[in-house]
Amino acid sequence: MLEVKKLREHPAILDEAARWFSQRWGIPAAEYRASMAACSQCAGAVPQWYVVLDGQGEIIAGAGVIENDFHDRPDLRPNLCALYVEERFRGRGLAGHLLSAIRADMAGLGVERLYLVTDHVGFYERYGWQFLTTVRDDSGLEERMYTIAAAEGTI
């Protein structure tokens, strides 16, 4: 399985990662870059960013952990966000590998529980995430909130 890179340990790829996430999610690269810079400069658990590179050093998957992923429940934090796997690499277990690595890293940083918002039904459940509640995004639309213990094997 391909290695998950913690951006706090690989600051040389922050600009590339910020552009990659921006192109996938339509959020300005500068916003990603600021969060990624904070990740590499602070000793806290949040924010954190992760990428997976292919054999040629190209980013093929990634995700982040931020305080709040644009919803009305600031008490449900930190939030896994921006999970993306390039289409040609889907169906190979890469998302599950990335989610597992993030959980383990966050547990090691002292985080007990993670949350995420999504409109996917069935995807995250495969990896142990449990539906918790609905929340409203910044535009007032309802989204599904999921949760999971950061440490493997606990609920």
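Residues numbered from 1 in each chain as written. Predicted model: local features only at pLDDT ≥ 70, side-chain atom pairs only at ≥ 80, totals over all residues. Heavy atoms only, no water.

Asks: Help me understand the packing of aromatic side chains, please; the structure alone is not making it clear to me.
Replies: Any pair of aromatic rings gets described here by the distance separating the centres and the angle formed by the planes. Evaluation of the coordinates by the stated rule reveals ten aromatic pairs. Measuring from ring centre to ring centre gives 6.2 Å for Tyr-124 and Trp-129, while their planes differ by 75°; the resulting arrangement is edge-to-face. Given a relative accessible area of 3%, Trp-129 falls into the buried group. Here Arg-90 stacks its cationic end above the ring of Tyr-84, 5.1 Å away from the centre of that ring. (Phe/Tyr/Trp six-rings, centres within 6.5 Å; stacked < 30°, edge-to-face > 60°. Buried < 20%, exposed > 50% of the residue type's maximum accessible area, 1.4 Å probe, protein only. Lys NZ or Arg CZ within 6 Å of the ring centre and 35° of its normal.)

Asks: Would you mind going over helix H1 (residues 14–25) with me for this structure?
Replies: One turn of the α-helix equals 3.6 residues, which is why residues spaced by three or four share an orientation. Compared with an ideal rise of 1.5 Å per residue, which puts twelve residues at 16 Å, H1 spans 16 Å between its outermost C-alpha atoms and is within 8% of the ideal. Turning to H1, its buried residues are Leu-14, Ala-17, Ala-18, Trp-20, Phe-21 and Ser-22. Downstream of H1 by a residue or two, Gly-26 has a phi angle that is positive, lying close to 75°. (Helix = DSSP H or I, 4+ residues; strand = E, 2+ residues; numbered from the N terminus. Expected span 1.5 Å × (residues − 1).)

Asks: What is the right way to look at the side chain of His-71 in this model?
Replies: Among the secondary structure elements, His-71 is positioned in the loop between strand S3 (59–66) and strand S4 (79–85). Separated by 3.1 Å, the side chain of His-71 and the backbone nitrogen of Arg-73 make a polar contact. Once residues within four sequence positions are removed from consideration, His-71 is found in contact with Leu-76, Asn-79, Val-117, Val-135, Arg-136, Asp-137, Asp-138 and Met-145. (Polar contact = N/O pair within 3.5 Å; in protein donor to acceptor, adjacent residues only side chain to side chain. Contact = heavy atoms within 4.5 Å.)

Asks: How should the pairing of strand S2 (residues 48–53) be read in this particular structure?
Replies: The side chains of a regular strand alternate between the sheet's two faces. Among the six residues that make up S2, six are buried, leaving the element largely enclosed by the rest of the structure. Burial of the side chains of S2 extends over both faces: Gln-48, Tyr-50 and Val-52 are buried on one face and Trp-49, Val-51 and Leu-53 on the other. When strand S1 (residues 4–6) meets S2, the two strands line up antiparallel, connected through three bridges. Among the inter-strand pairings, Lys-6 is bridged to a residue of S2, identified as Tyr-50. (Pairing = 2+ DSSP bridges.)

Asks: I tried to follow the pattern of salt bridges on my own but got confused; where do I start?
Replies: When charged atoms on two side chains of opposite charge get close, those side chains can pair. Applying the stated criterion across every chain, the model contains eight salt bridges. The salt bridge partner of Asp-105 is Arg-8, with a shortest N-O separation of 2.7 Å. Of this pair, Asp-105 sits in helix H3 (residues 94–108) while Arg-8 is found in the loop between S1 and H1, placing the two residues 97 residues apart along the sequence. Here Asp-15 ties to Arg-33 by a salt bridge, and the two come within 2.4 Å at their closest N and O atoms. Taken together, the residues span a long stretch of sequence, with Asp-15 in helix H1 and Arg-33 in helix H2 (residues 29–41) at a distance of 18 residues. (Salt bridge = Lys/Arg side-chain N within 4 Å of Asp/Glu carboxyl O.)

Asks: Can you help me understand the state of the cysteines in this one?
Replies: Note on terminology: disulfide describes a covalent bond linking the sulfur atoms of two cysteines. Taken as a whole, this structure holds zero disulfides when the rule is applied. With no disulfide of its own, Cys-81 has Cys-39 as its nearest cysteine by sulfur position, at a separation of 11 Å. According to the relative accessible area criterion, Cys-81 is buried, its value standing at 6%. (Disulfide = S-S within 2.5 Å.)

Asks: Hey, could you run me through the packing of H1 against H2 in this one?
Replies: Think of two packed helices as two axes; the pair is described by the angle between the axes and how far apart they sit. It is the contact of H1 with H2, at a shortest axis distance of 8 Å, that shows an interaxial angle of 135°. In this view, H1 runs oblique relative to H2, as classed from their interaxial angle. The handedness of the crossing between H1 and H2 comes out as right-handed. Where H1 abuts H2, its residues Leu-14, Asp-15, Ala-17, Ala-18, Arg-19, Phe-21, Ser-22 and Trp-25 lie against Ala-29, Tyr-32, Arg-33, Met-36, Ala-37 and Ser-40. Tallied by class, the residues present in the contact of H1 with H2 amount to nine nonpolar, two polar and three charged. (Axes fitted to C-alpha atoms, helices over the stretch in contact; angles between N-to-C directions. Parallel < 35°, antiparallel > 145°, perpendicular 65-115°, else oblique. Left-handed = near helix turned anticlockwise from the far one by under 90°. Nonpolar A, V, L, I, M, F, W, Y, C, P; charged D, E, K, R; others polar.)

Asks: Looking at this model, I keep getting lost on H2. Mind explaining?
Replies: Here H2 spans 18 Å end to end across 13 residues, near enough to the 18 Å set by a 1.5 Å rise per residue. Three or more residues of H2 are buried, namely Tyr-32, Ser-35, Met-36, Ala-37 and Cys-39. Check the buried side of H2 and you find it contacts H1, S2, S3 and S4.

Keep in mind these values describe shape, not function.
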